[in-house]
Each structure stands twice: as C-alpha cells, then as structure tokens.
Amino acid sequence: MQEIRRVAYAPGLIAEGVYDQLRGQEKEYMRLMSYYASAMLEMETKFKVLSIEFNGRFARNPIESIKTRMKTPGSIFEKMNRIGVPITVENIERELSDVAGVRVICSFVDDIYRLADMLALQDDIYIIRTKDYIRHPKESGYRSLHLIVETPIFLSSEKRFMRVEVQLRTIAMDFWASLEHKLRYKKDIPPEKTQQIARQLQETAEAVSRTDQQMLEIRRQIERL
Ligand code: 0O2
C-alpha cells in the first residue's frame, strides 16, 4: 500500500487516457474519491483515539503505525475489468470495498483482536465483513485480519456511509507481507523455481508467526512478574 492520498484531489497525477474509461463521469469520480479519502481519515482517527484510550488502560501502545492508501485509478479499473463489471462511478462504489484502505500495524497479535473488538463496539460504524487470515492464513503464508467497515462521513448537506478496508497485522506480519509483495513482482523468476520459492515463503511466514507467538508469551510472562 503506497501513501497516495494526493491522488483523490489531483487529476493531474492520473495517467492520461485513464479517464476515457469513465465516459464523462470525471467530476463524479473525483467526488467519490474525495468521499473515500474522508472516510479513510475518519477510520485513521478512530484508531488513533482507540490507541490513546488503550494506552491509558494498559500503559502501553498497541499500535506501532498506521498507513493509509487510496487505490489508484489504474488499479480500480483493472479490478472492475477483472470482475467483469462496466466501469461507472456507481458500479465502483457498489462493487469495490477496498478503494480506501487503512493498515494498522500492531505490536502483538492479541492487540489486533482487542482493537477489532473495540472498533466493533462503536455504534456509528458497521463491520460488514471480516476475513481472518491470521487464524486461517492464505496459501501464500499471508497473515492479517481484514475488516470491511462502513463509516459515516459528514458532508455539508448529508451524512454518507462509505466502505473502508482495514487491515490489522503485527510488525512481523507486515515485514513478511511487504517483502513477499516485492519478491512476487520480480518478473525474472524461472517457472521451475516458482514452487520452491513459494514453499520457502510459506516457511518464512511460519517462522514469523512463531516469533509473534513467542513475543506474546514473553510479554505475558513479564506482565505476571
Ligand atoms: P493493495 O496493495 O492492498 O492495494 P476482494 O475482491 O477484495 O473482496 P480479495 O482481493 O481476495 O477480495 O481480497 P483479500 O485477499 O481479502 O485482500 C486483498 C489485499 O490483502 C491485497 O490488496 C493485499 O494488500 C493483501 N494480500 C492478500 N493476499 C496477500 C498475499 O498473499 N501477499 C501479500 N503481500 N498481500 C496480500 P491488493 O489489492 O492486492 O493490493
């Protein structure tokens, strides 16, 4: 996830020709992106507030960092084409749940579930989907807790609910996912090596997961002292 919040407001940054696919809906597209950017900020703030409260209760910070990203136009159009839906602003809003993304990097695995529970208790948002890739890792070895959340944004004359994808993961899970993502896009891997590399990546994901568990155990031991 790159930090590309600017794109929501800066048509100049969008590759030439990309707008052709919107069939004259450029203004509506920019407006929709500004709503997603607002929803993303709302969610980021919610996590910052939770972190402050958590700090007060447990005397430690559960969040190491928060990253936000808006999906690029190219990535939005590629996904719409992949799922076979005509590219219109209405369809983008209806079909995609990850235009706005917030990634919360936590210290320990239990912090992830505690933050997700705290978020679920807030009465102005709806958690509409949960994918637990920590208890059920992806075949690649990928681990994170994904939530699709609907959060209100308050505009000059209306309140609007927008979907945001929240990814919660530990520093260790984030380290693995970032490097795996980079390695996956290396194009020059010979096909006969693909399986072996996939297996090695799965093994490193297992090692990372064991380390996370050990760090959690150490923290619990210290808390019992
Ligand atoms: P980016 O960089 O986040 O924009 P969906 O259509 O969204 O309902 P999908 O696409 O299967 O279903 O969503 P999934 O798998 O729940 O989550 C997709 C996102 O999770 C990806 O976003 C990645 O950020 C992350 N992710 C999922 N699997 C892997 C993996 O094997 N390795 C790594 N490094 N990340 C993974 P995008 O859109 O691909 O990218």
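Before reading on, note that the structure itself is shown above.
Heads up: these notes are all about the structure in this document. (Residues numbered from 1 in each chain as written. Predicted model: local features only at pLDDT ≥ 70, side-chain atom pairs only at ≥ 80, totals over all residues. Heavy atoms only, no water.)

Let's talk about the overall build of the protein chain
- Within the protein chain, the secondary structure is distributed over 6 helices and 5 strands.
- Seen in sequence order, the protein chain has helices and strands lined up from the N terminus as α-β-α-α-β-α-β-β-β-α-α.
- Sorting the 225 residues of the protein chain into buried and exposed places 45% on the buried side.
- Total accessible area on the protein chain stands at roughly 12,900 Å², and carbon and sulfur atoms take up 52% of it. (Helix = DSSP H or I, 4+ residues; strand = E, 2+ residues; numbered from the N terminus. Buried < 20%, exposed > 50% of the residue type's maximum accessible area, 1.4 Å probe, protein only. Areas by Shrake-Rupley, 256 points an atom, 1.4 Å probe, with all protein chains shown as cover.)

Digging into the nonpolar core
- Among the nonpolar cores identified, the biggest contains 48 residues, and F47, I92 and L168 are the most heavily contacted of them.
- Element by element, the count of residues in this core is highest for helix α1 (residues 26-58), at 13 residues.
- Discounting residues that sit within four places of it in the chain, I92 has contacts with L22, Y29, L32, Y36, I76, F77, M80, I87 and V99.
- By size, the runner-up hydrophobic cluster in this structure holds 8 residues, among which are W176, A177, L201 and A205. (Core = buried A, V, L, I, M, F, W, Y, C linked by side-chain atoms within 4.5 Å. Contact = heavy atoms within 4.5 Å.)

What about helix α2 (residues 73-83)?
- Of all the residues in α2, the buried ones are P73, I76, F77 and M80. For α2, the angular spread of buried residues about the axis comes to 95°, placing them on one side.
- Summarising the contacts, the buried residues of α2 are in contact with α1 and α3 (89-95).
- Positive phi appears at G84, one or two residues downstream of α2, with a value of about 75°. (Arc of directions from axis to C-beta.)

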